[in-house]
Structures are given as structure tokens and as C-alpha cells.
Amino acid sequence: MSHDLTMSATPGSIRADYLVVAGMVTPGSKVLDVGCGDGGLLKLLRDEKGVDGRGIELSRAGVNDCVAAGLAVVQGDADTDLAFYPDNAFDLVILSQTIQATRQPRVVLEHMLRIGRQAIVSFPNFGHWRLRLQLILRGRMPTSENLPYSWYDTPNIHFCTLRDFVDLVRELDAEIERSAALDGWGREVRVNAPWWFWNLFGEQAVFKLSRKG
Amino acid sequence: MSMTRADLSTNVQDAARRQADEPDGLIARFGADEPLMLDAGVALSPFQIGYQTYGTLNADKSNAVLVCHALTGDQHVASANPVTGKPGWWEIMIGPGRPIDTDRYFVICSNVLGGCMGTTGPASIDPATGEPFGLTLPLITIPDMVRAQWMLVRRLGIESLFCAIGGSMGGMQVLQWASEYKDMVFSALPIATAARHSAQNIAFHEVGRQAIMADPQWRGGRYLGENTRPSAGLAVARMAAHITYLSDMALHRKFGRRFQDRDAPTFSFDADFQVESYLRYQGEAFVERFDANSYLYVTRAMDYFDIAEEHGGSLAKAFSGTKTRFCVVSFTSDWLFPTAGSRQVVHALNASGASVSFAEITSDKGHDAFLLDEPELFAICRGFLDAAARARGLPAGAQP
């Protein structure tokens, strides 16, 4: 469950979506990063925000990189292992570019909001105009630079659009504290734009959620 | 005049006998003023610990790594074994530039309580009688072993270990250290282990013990005084145990169904198959260096081990409030200590808010993988120790 499954990173630079996520994290908080990849985000949060971070990562290579970097990362699967984390163990649980690769996105999200008071979820927006256009015009499953996989060998099994995600959040009775849509370069789409605009032009979405009550 | 195999064997056995009381290397002796309180409810006094060190303890005594050995290991972790003449059992891991870098860390390895390489055990002479303890030595537990190590570490003037590391029974000791002496363990690396011994593992140990006790030469445990050796029983115990250390894949790769020194079966009970002859060799080599009663004591210690039970059934409670940095490692083909047991430890550590990393390493070498050339294991150990050393402010070692 690595970020690299879905995202391409520019070597030597901090991924733009990491910066957006980091901007939503309270300094000094206790954070669990689910699907933490090579630990890039955890490192950023530790070094820049003084975060007490932990990670879960499926790939062995990712775990090795993280451990070598001094991060506390457990090899595991978001779909099965979140159940073992106690309630309120963290301030914030992050799921970055991973929810579309989980078998049970709803259950994963429920666990996240149980383990932490707040959650940040980022994912590729399947409602982006380019993807819509590919399906309409070419009649084929869409691919893009961020979603380079063919339908038969993709780790991504639960795509959603930005609006689908918002519906799920409502069903879970969680609150959207902050949200952002990012364009193809990882820049935030104009903040005041209406939902339909985000859903059409955002290649990625980032949501910060909190438990109600 | 050349030595026969039997002479050689007797020499090795004599060497082993000497090491039990007067080991090569360092000995810490604890007299009547420093008794060791055993879980069995009696005080052991006097007693001694045989140990080895490698590298140099730094000025503020912050770079000590305690290596805990497995069931039949000893303190000769990174230097030649005085009984067998073979290299140390973890030389692949410990030395200048190795993952446990002796240019950077001060490595301590002691023979466990109940062992037979210089630490008080059933083969040691009971000062009260002048005879070997045999079964008059009280039963030993893993916490007892760790308490003895604690006394050694304190004797060396060390107030906090930089790391406690070990595999199998060594990993049990690491977990016990981290649970009982939380403030003394900066980082912990339990490998291929569990917080309790499983019923299946107890069962295997019982087979080994019964093999020893069924040997007429065992003499109710008094064989050292009566000048006999339950070699056949101990060899069978080792053979059975050895199978559990490997995997089906590893055995198959190494031996398959190949014959040993012949093209066809002999239609007898000779060691026709290579795997048979290998196990017989393992059994024979083992009885030369190891004491049968020690085998009984140390396997029993593992059987009794259950950290959760000591804490009202809650493993998380055993680690509550810990500040130790943990890195738990398991191997995919280990059926003696399967990954599930490591995961239990990791879940408990997570529940207690500990800083924990966990990696399951793909290997077809079975439980023994932690002693073998496994680059992934080395990378993880090196990375974890380097990061912990940075956190503790230890200067960098020489680059490999």
C-alpha cells in the first residue's frame, strides 16, 4: 500500500500533496500515517511539525526505508490491521493516496475516526474532466500520469469522485473541517470555486475530517 | 600420532566440562551479599555469570548493546567458541562495520542462567556439596535469566542499555527486559520470538526432555557424578528440535530425497538419506558441547514464559508507559515462532502507545533465518540501530 502505486514523485523535491496535507496537521500532534510508503510524509511531519509519527505500510521495501530513516513503521494492511489499534490512540490518522486501494474504504474510514479524533484522506479524483472524457470518447477505462495502471493490473479497486467521497463522509456522520482540490501539478484549485468545479478540475482531493460530538 | 574421532570427541567433551565452571573469557561472581531471587521462590547464592564483551564502553556508558542468546547458544557471539573452535554464532551481525558495529557500540553477551558455559547451571559445581548441581538446582525462568543479566549489567556500571537484541529465546529475554526494566532499555530488537511459548512448542520441548530422561545413562540427572553421559537421548532431543528450526523448503533445498554415499537404498535402518545423516551429525556435534541437564532447564524456562500472564493476561499492560523504541522482526517460513506471535507483540505495543516498527522478512530458511545471511535482516537492524543511535546522540561509527 505505497504512495508510489498511484502517484509519481519528482525526485529531490517534496511532493506537493504532502505539503498540502502537512498544512492541515497541528504541530506536535500524534499522527498515524496509514500506507506511509517510504515515509516521506512522516519525515516531513517529524522534521517540520515536530509530530510524533507512526506508520503502517504494506510493502517490505517501504518498511525498510522507514526503519532506516528512524521512523516507527509497522508492516501491515490497512484493511486488516487498523482493527488492532485502540480508540483515541492518535490525534490524527492520515490515509494518503491509499483509500482507493483498500477493500473496504468505509470500514477503513470508520476505524480512522475511531483511532484518531481527526483524519486526513487524500485520493485521486475519478471525476476529473480528463478521466470523464476518456471514458466518454474512447470508451476505455481512463488512465493518467497519476493513475497509470491498466484495469486488469491496478492496485486501485475502489475509485470514487470527490462528490462520492463527500457522500460517504455524510453517511459516517463525520464533519469536513477542511478540504482542498489539487490540479495536475499538485497546486490547490481556487478555494472559492463551487463543488462541481472542484469535482471536474481537481485531479486529487484532500479532506480533513473530524468525529462529530 | 593422529587423534581418532573418539579422542577428539572426548577432548571436546572435556573442554565443555571445564567451560561449565571455569570459562574462557570473563566471569562475574556474585557472593552471599548479592543473592539472586528466583521465581521458584529460593535465593541462588553464590552464583556466577560467564560473559564476553566486544568494542569499547564510551565515557557516559550509553553505547552498551546486550545480545541475548538463543536456547543452546552462549556468550561467544562474535569470537571463536572455546569448545568447538567454530566462529562466534552471530559474527555475521557483530563486528567492525557490521550492523551491530563494534566500532560504535559496546557489545555484551552473557551465558544464560541454567546454561553450561560459565554461568551457574546444573553442570556447575554446587559449592555446598562439591558435586555438580544436577537436578538440585532450582528451576530457572526467563525472568530469572534477565534478572541475572541485570545484575551483570549493573556490575559493569551501566545504568541504561542502548539496545537489547536477540532472537528466539534471546528475543523472549529482550521482551522481558523491556517489560521489567523499562527505564534501562533505550531500544529493543526482538527477532523471531513471541511473548509466550505456544502449546506446540512446549510439546516439542517435552519430546526432547523425554528423550534425555529415557536414556539409561541419564541416571536421574546424576550422570556427571556417575561419569556417564545421556548422549543418545540428548542427540535425539537435538535432532527433533533441529527440524523445528528449519522449514520444509529449506530441508528440501538442502537434501531433497538424495541418498548419502550410495546410489540405492540399503533396505536397512542406516542413514540412507542425506537428511538422516545430517541430523545424526547435528545430534552428535551437539552432545559434545552441551550439557543434557542444561537442556532440560533451559527448555523448561522457555515453556514457562508468558509475559501477559504476569500482567493479568494483558500483554499491553506489560509495556504500558514504555519509552523504549522497539523493532520487531519475524520470518515468513518460521513455524516455531510464526509471524502471528510477533504481531501480537506489535499490537500490544501499539495499544500501549509504544514507538514500534515491525517487519516480516521473506525467507524460506525457517526459524534459523535469524542466524544466517539474510541481507534484509541486516539492513533493518542497521537502520534501526543507526536511527536509535542518532536519537541517543552516539557518534557515528566507521563506515562499512
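Every value quoted in this text rests on a predicted model; they were computed, and no experiment measured them.

So, how was this worked out
- Residues numbered from 1 in each chain as written.
- Chains lettered and ligands numbered in written order.
- Predicted model: local features only at pLDDT ≥ 70, side-chain atom pairs only at ≥ 80, totals over all residues.
- Heavy atoms only, no water.
- Helix = DSSP H or I, 4+ residues; strand = E, 2+ residues; numbered from the N terminus.
- Rg over C-alpha atoms; globule rule 2.2 N^0.38 Å.
- Buried < 20%, exposed > 50% of the residue type's maximum accessible area, 1.4 Å probe, protein only.
- Areas by Shrake-Rupley, 256 points an atom, 1.4 Å probe, with all protein chains shown as cover.
- Lys, Arg positive; Asp, Glu negative; His and termini not counted.
- Charge placed at Lys NZ, Arg CZ, Asp CG, Glu CD.
- Salt bridge = Lys/Arg side-chain N within 4 Å of Asp/Glu carboxyl O.
- Pairing = 2+ DSSP bridges.
- Right-handed = clockwise from strand over helix to strand, strands pointing away.
- Contact = heavy atoms within 4.5 Å.
- Polar contact = N/O pair within 3.5 Å; in protein donor to acceptor, adjacent residues only side chain to side chain.
- Expected span 1.5 Å × (residues − 1).
- Axes fitted to C-alpha atoms, helices over the stretch in contact; angles between N-to-C directions.
- Parallel < 35°, antiparallel > 145°, perpendicular 65-115°, else oblique.
- Left-handed = near helix turned anticlockwise from the far one by under 90°.
- Nonpolar A, V, L, I, M, F, W, Y, C, P; charged D, E, K, R; others polar.
- pLDDT = per-residue confidence, 0-100.
- UniProt positions renumbered as here; feature names shortened; annotations may be inferred.

Examining the overall build of chain B
Helix and strand counts for chain B stand at 13 helices and 14 strands. The C-alpha atoms of chain B give a radius of gyration of 21 Å, which matches the 21 Å a tight globule of 400 residues would have. The principal-axis extent of the C-alpha atoms belonging to chain B is close to 60 × 50 × 50 Å. In chain B, which comprises 400 residues, the proportion classed as buried is 56%. Element-wise, carbon and sulfur atoms account for 55% of the exposed surface of chain B, whose accessible area totals about 15,900 Å². Across chain B, the centroid of the 34 positively charged side chains sits 4 Å from that of the 43 negatively charged ones.

A word on the pattern of salt bridges
Tallying each qualifying case throughout the model produces 25 salt bridges over all chains. Here Arg60(A) makes a salt bridge to Glu376(B), at a shortest N to O gap of 3.9 Å. One end of the pair, Arg60(A), is in helix H3 (residues 60-68); the other, Glu376(B), is in helix H13 (residues 375-392), on a second chain. Close ionic contact of Lys212(A) with Asp173(A) constitutes a salt bridge, the shortest N to O distance being 3.1 Å. Of the two residues, Lys212(A) sits in the segment after strand E7 (204-211) while Asp173(A) sits in the loop between helix H7 (162-171) and strand E6 (174-182), which places them 39 residues apart along the sequence. A single network of salt bridges, built from pairs that share partners, joins Asp39(B), Asp144(B), Arg147(B) and Glu180(B).

Structural notes on the pairing of strand E5 (residues 116-124) of chain A
All names here are of chain A. Judged by how many residues are buried, E5 sits mostly within the fold: eight of nine residues are covered. Two strands pair when backbone bridges link them, and strand E4 (residues 90-96) and E5 are joined in this way by six bridges, in the parallel orientation. The residue of E5 that forms the bridge with Val93 is Ala119. Regarding topology, helix H5 (residues 105-115) serves as the crossover connection from E4 to the parallel E5, and that connection is right-handed. One ladder, built from seven bridges, connects E5 with E7; its direction is antiparallel. For Ser122, the partnering residue across the bridge sits in E7 and is Val206.

Regarding the environment of Gln260(B)
All names here are of chain B. On the secondary structure map, Gln260 appears in the loop between helix H7 (248-255) and helix H8 (274-289). The spatial distance from the C-alpha of Gln260 to the C-alpha of Ala271 is 7.3 Å, given a sequence separation of eleven residues. With residues up to four places along the chain from it excluded, the contact list for Gln260 reads Ala271, Asp272, Phe273, Gln274 and Ser277. Side-chain polar atoms of Gln260 contact the side chain of Ser277, separated by 3.2 Å.

Points about helix H12 (residues 339-351) of chain B
Helical geometry: 3.6 residues make up each α-helical turn, so side chains three or four residues apart lie on a common side. In this model, H12(B) (13 residues) spans 18 Å end to end at C-alpha, consistent with the 18 Å of a helix rising 1.5 Å per residue. Taken together, the buried residues of H12(B) touch strand E3 (72-75) of chain A together with helix H3 (169-180), helix H11 (315-318), strand E13 (325-331) and strand E14 (355-361) of chain B. Two residues or fewer after H12(B) comes Gly353(B), characterised by a positive phi angle close to 75 degrees.

Quick look at the environment of Ala70(B)
Residues and elements named next belong to chain B. Within the secondary structure, Ala70 is located in the loop between strand E5 (64-68) and strand E6 (94-95). Relative accessible area serves as the criterion here: at 18%, Ala70 is assigned to the buried category. Each C-alpha atom, one on Ala70 and one on Val112, is 9.1 Å from the other, the two residues being 42 residues apart in sequence. Setting aside residues up to four positions removed in sequence, Ala70 forms contacts with Gly167, Ser168, Met169, Gly170 and Phe370.

A look at the packing of helix H1 (residues 16-23) of chain A against helix H2 (residues 40-49) of chain A
The geometry of a pair of packed helices is captured by two quantities: the angle between their axes and the separation between those axes. All names here are of chain A. H2 packs onto H1 with a crossing angle of 45 degrees between their chain directions and a minimal axis gap of 10 Å. The angle between the axes of H1 and H2 places the two elements in the oblique class. As H1 runs across H2, the sense of the crossing is right-handed. Within the contact between the two elements, H1 uses Tyr18, Leu19, Val21, Ala22 and Gly23 and H2 uses Gly40, Leu41, Leu44, Leu45 and Lys49. Residues of the contact of H1 with H2, tallied by class, amount to seven nonpolar, two polar and one charged.

Details of the confidence of the model for chain A
Residue and element names in this part refer to chain A. Residue-level pLDDT values for chain A average 87, and 93% of them are 70 or greater. Taken element by element, the predicted model of chain A shows its lowest mean pLDDT in helix H8 (residues 195-201) (80) and its highest in strand E1 (residues 30-34) (97). Note on residues 1-12: pLDDT is under 50 here. Beyond four places in sequence and across chains, it has 39 contacts.

A few points about the UniProt feature "active site" (unreviewed entry) in chain B
Residues and elements named next belong to chain B. Under the UniProt annotation, the feature "active site" (unreviewed entry) is placed at Ser168, Asp334 and His367. Taken along the chain, the residues just named run across 200 residues; in space they keep tight, none of their C-alpha pairs more than 10.5 Å apart. Here Asp334 shows up in the loop between E13 and H12. According to the relative accessible area criterion, Asp334 is buried, its value standing at 3%. If near-sequence neighbours (up to four positions away) are discounted, Asp334 is found in contact with Ala192, Gly366 and His367. Here His367 is to be found in the loop between E14 and H13. For His367, a relative accessible area of 2% gives the class buried. Apart from residues lying up to four places away in sequence, His367 is in contact with Ser168, Ala192, Thr244, Tyr245, Asp334, Leu336 and Phe337.

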